[in-house]
Amino acid sequence: MMKKIENQILIIFGASGDLTKRMLLPSLFELFVRGLLPERFLILGTARSSFTDKSFRAHIKEKLREFVKEKEKIDDFLPLLFYQVFDPEGNTDELSERVMQLRQQYDIPDHTIYYLATPPSSYDSITRYLRESRLMRSKNGWRRIVVEKPFGISLPSARELNRCVNSVFSENEIYRIDHFLGKETVQNILVLRFANETFEALWNRNYIDHVEISALETIGIEGRGKSYEGVGALRDMIQNHLMQLLAFVAMEPPATIDAEAIRDETEKVIRALRPMTDNEVAENVVRAQYTAGTVRGEAVAGYREEKNVAVDSGTETFVGIKFFIDNRRWSDVPFYFFTGKRLKEKKSEVIIHFKSAPHKLFKGECPGNSCNQLVLRINPDEGIRMKFGLKIPGAGFEVEQVAMDFSYASLCKEYIPGAYERLLLDAMSGDSMLYTRNDALEASWRFIDPIVNYWEKHRNEDMLYYAAGENGPDLGEKWNVSSLEPTVNQKKCTR
């Protein structure tokens, strides 16, 4: 049972930005509709844009009508919203004065969450302002800060951002958000493994041949050429989303189900990733860019033709990585990361490939180690599929691959909370289990940096290309993988 959430104020820096309008405020609205917000709760948006409370509410009302279903309740939600113009480089302290005024007027205790929905380049000036303002002076309240990715572009830059944030907040007050961990399927990986000995007994090198973890998208960079250039798919998706997903798949059983126990095991997995030499990067990492093509019947431009992208860009839009975890459970088991944009199908999933039977008795048994799979679907249809061989009806013993399929929607017919809803609620209640800790963050960069450094030394030398709308570069000769294949519907038996 979820504990009661204390009354508080949520301050959103970057309130005029796209993240606030598309994700944060629609998610807060959904929590409001379901009565999950504190009894006394206010949202104070702040940015350089010249809104008043009234004009900000009108602006957000228009956006909410675009993104939420229960539109008749929008007017009930809007009184929770306030706005204060804010420039962190300014000499005035109007923001702290406004916060104090709102606390007094609405009887809100001295409990505050700061949400940085801003580029990382703004973190230094915002944290410097907080450090020098009256907002951090509290004797009997608490402060928390939520930080969006990307949290750095390398280990040195991540350490510098941590220095900024740690100058004001302690580590237990910092919530580094990764919306992948807010998805039901991701959280259910822990339950699937540790509540079911059926799976946990097989969850090791003795029974698992290899593991694929993928996040594939049909969209392109959506006008983000300026910010995506020089970042690319490796740092945009793998360093954060897929790395955290890996930790849930590969971790050892935690001693308890509390935040620090889970995060301890997360850090151990990421720290155990085998670092790569230049030769190993060349052999085990694939990068590619999309060229012009067709996605869902619509012609789309190639990456280098996108706005604010260099004509000779070396930024990857697709990455595949083969890697290993150096510990007792996973010794010599290959893991694979795949992520890319402008692909044929949108899906995020984990595929556990179990080892095949040592001797094949029956006609039709699938070749290699692909017969028995456990597929954990994260997106778009959250659920679990188990693949195995069964006898085809009729004479003889011919085998057909079949699947048992479970959808999380069947557990909750009315409502499945979105990722941001879950994570925002956790931050409000002080639960950091699904947020990234600093030591795990730095460990992930220690794995990623050698790959980036190799690419910088060999710009475009090994870049592959794939037409938009395809499954990505052809990796068939390099790796025996299935994540890049389109989903195939189950065949029906006819009599």
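The shown structure was predicted, so the numbers you read here are calculated from the model rather than taken from an experiment.

What counts and what doesn't
- Residues numbered from 1 in each chain as written.
- Predicted model: local features only at pLDDT ≥ 70, side-chain atom pairs only at ≥ 80, totals over all residues.
- Heavy atoms only, no water.
- Helix = DSSP H or I, 4+ residues; strand = E, 2+ residues; numbered from the N terminus.
- Buried < 20%, exposed > 50% of the residue type's maximum accessible area, 1.4 Å probe, protein only.
- Contact = heavy atoms within 4.5 Å.
- Areas by Shrake-Rupley, 256 points an atom, 1.4 Å probe, with all protein chains shown as cover.
- Lys, Arg positive; Asp, Glu negative; His and termini not counted.
- Charge placed at Lys NZ, Arg CZ, Asp CG, Glu CD.
- Pairing = 2+ DSSP bridges.
- pLDDT = per-residue confidence, 0-100.
- Expected span 1.5 Å × (residues − 1).
- Bend = angle between axes of the 7 residues up to and from the residue.
- Axes fitted to C-alpha atoms, helices over the stretch in contact; angles between N-to-C directions.
- Polar contact = N/O pair within 3.5 Å; in protein donor to acceptor, adjacent residues only side chain to side chain.
- Core = buried A, V, L, I, M, F, W, Y, C linked by side-chain atoms within 4.5 Å.

Novice: A description of the overall build of the protein should follow, citing residues and the corresponding values.
Specialist: Along its length, the protein carries 14 helices and 17 strands. Taken along its principal axes, the extent of the C-alpha atoms in the protein is 80 × 50 × 45 Å. When the 495 residues of the protein are sorted by exposure, 53% land in the buried category. Of all intrachain contacts in the protein linking residues separated by at least 6 positions in sequence, the fraction that spans at least 24 positions is 77%. Surface exposure of the protein reaches about 23,200 Å², of which carbon and sulfur atoms provide 50%. Computing the positive centroid from 67 side-chain charges and the negative centroid from 72, the protein places the two 2 Å apart.

Novice: Quick one: what's the story with the environment of Ser 432, residue by residue and with numbers?
Specialist: Mapped onto the fold, Ser 432 is located in the loop between helix H13 (419–429) and helix H14 (438–457). Each C-alpha atom, one on Ser 432 and one on Glu 260, is 8.1 Å from the other, the two residues being 172 residues apart in sequence. In this structure Ser 432 touches Tyr 175, Ala 259, Glu 260 and Arg 263, once residues within four positions along its chain are discounted.

Novice: I'd like a description of the environment of Glu 470, backed by residues and values.
Specialist: Turning to its location among the elements, Glu 470 is positioned in the segment after strand E17 (464–467). Distance from Glu 470 to Phe 41, taken between C-alpha atoms, is 47 Å for residues 429 residues apart in sequence. For Glu 470, the contacting residues outside a window of four places in its chain are Arg 342, Leu 343 and Lys 344.

Novice: Help me get a handle on the pairing of strand E15 (residues 383–391), residues and values and all.
Specialist: Successive residues of a regular strand alternate their side chains across the two faces of the sheet. Bridge count for strand E14 (residues 373–379) against E15 is five bridges, and the pairing is antiparallel. In the strand pairing of E15, Val 375 is matched with Arg 385. Where E14 hands over to E15, the hairpin turn is made up of three residues, counted between the paired strands. Where E15 lies against strand E16 (residues 399–407), nine bridges are found, and the strand directions are antiparallel.

Novice: Pulling in residues and values, what's your account of the confidence of the model for the protein?
Specialist: Per-chain confidence: the protein averages 89 in pLDDT, with 94% of residues scoring 70 or above. Below pLDDT 50 for its whole length, residues 489–495 participates in five contacts with residues either more than four positions away or in separate chains.

Novice: Mind laying out H14, listing which residues take part and the relevant values?
Specialist: With 20 residues, H14 extends 28 Å from end C-alpha to end C-alpha; this agrees with the ideal 28 Å at 1.5 Å per step. Within H14, the axis deviates most sharply at Ile 448, by approximately 30°, and proline Pro 450 lies no more than four positions further along. Summarising burial for H14: 14 of the 20 residues are buried, a large majority.

Novice: Residue-level account of the sheet that holds strand E2 (residues 41–47), with values.
Specialist: The pairing of strands in a sheet comes from backbone hydrogen bonds and takes either a parallel or an antiparallel form. One open sheet holds the six strands; their spatial order is E3-E2-E1-E4-E5-E6, and the pairing between them is parallel. Unpaired on one side and paired on the other, strand E3 (81–85) and strand E6 (174–176) mark the two borders of the sheet. Between one strand and the next, the sheet's axes are offset by a mean angle of 20°, whatever the strand orientation. Here strand E4 (residues 111–116) runs beside strand E5 (residues 142–147); their pairing, made up of six bridges, is parallel. Of the residues in E5, the one forming a bridge with Ile 113 is Arg 144. Each of strand E1 (8–13), E4 and E5 touches helix H5 (residues 123–132); the most contacted strand, E4, lies at about 160° to it.

Novice: Break down helix H11 (residues 259–271) for me, with residues and values.
Specialist: Compared with an ideal rise of 1.5 Å per residue, which puts 13 residues at 18 Å, H11 spans 18 Å between its outermost C-alpha atoms and is within 8% of the ideal. Those residues of H11 lying buried are Ala 259, Ala 261, Ile 262, Arg 263, Glu 265, Thr 266, Glu 267, Val 269 and Ile 270. Contact partners of the buried residues in H11: helix H7 (184–194), helix H10 (232–250) and H14. For H11, the side-chain oxygen to backbone nitrogen distance between the N-cap and Glu 260 is 3.2 Å, and the N-cap itself is Asp 258.

Novice: Describe the nonpolar core, with residues and values.
Specialist: Counting 147 residues, the largest nonpolar core has Leu 28, Tyr 115, Leu 246 and Ile 321 as the members making the most contacts within it. When residues of this core are assigned to their parent elements, the largest contribution, 11 residues, is made by H10. Contacts of Tyr 115, omitting those with residues within four sequence positions, involve Leu 10, Ile 11, Ile 12, Phe 13, Leu 19, Leu 24, Val 146, Glu 148, Ile 177, Tyr 420 and Leu 424.

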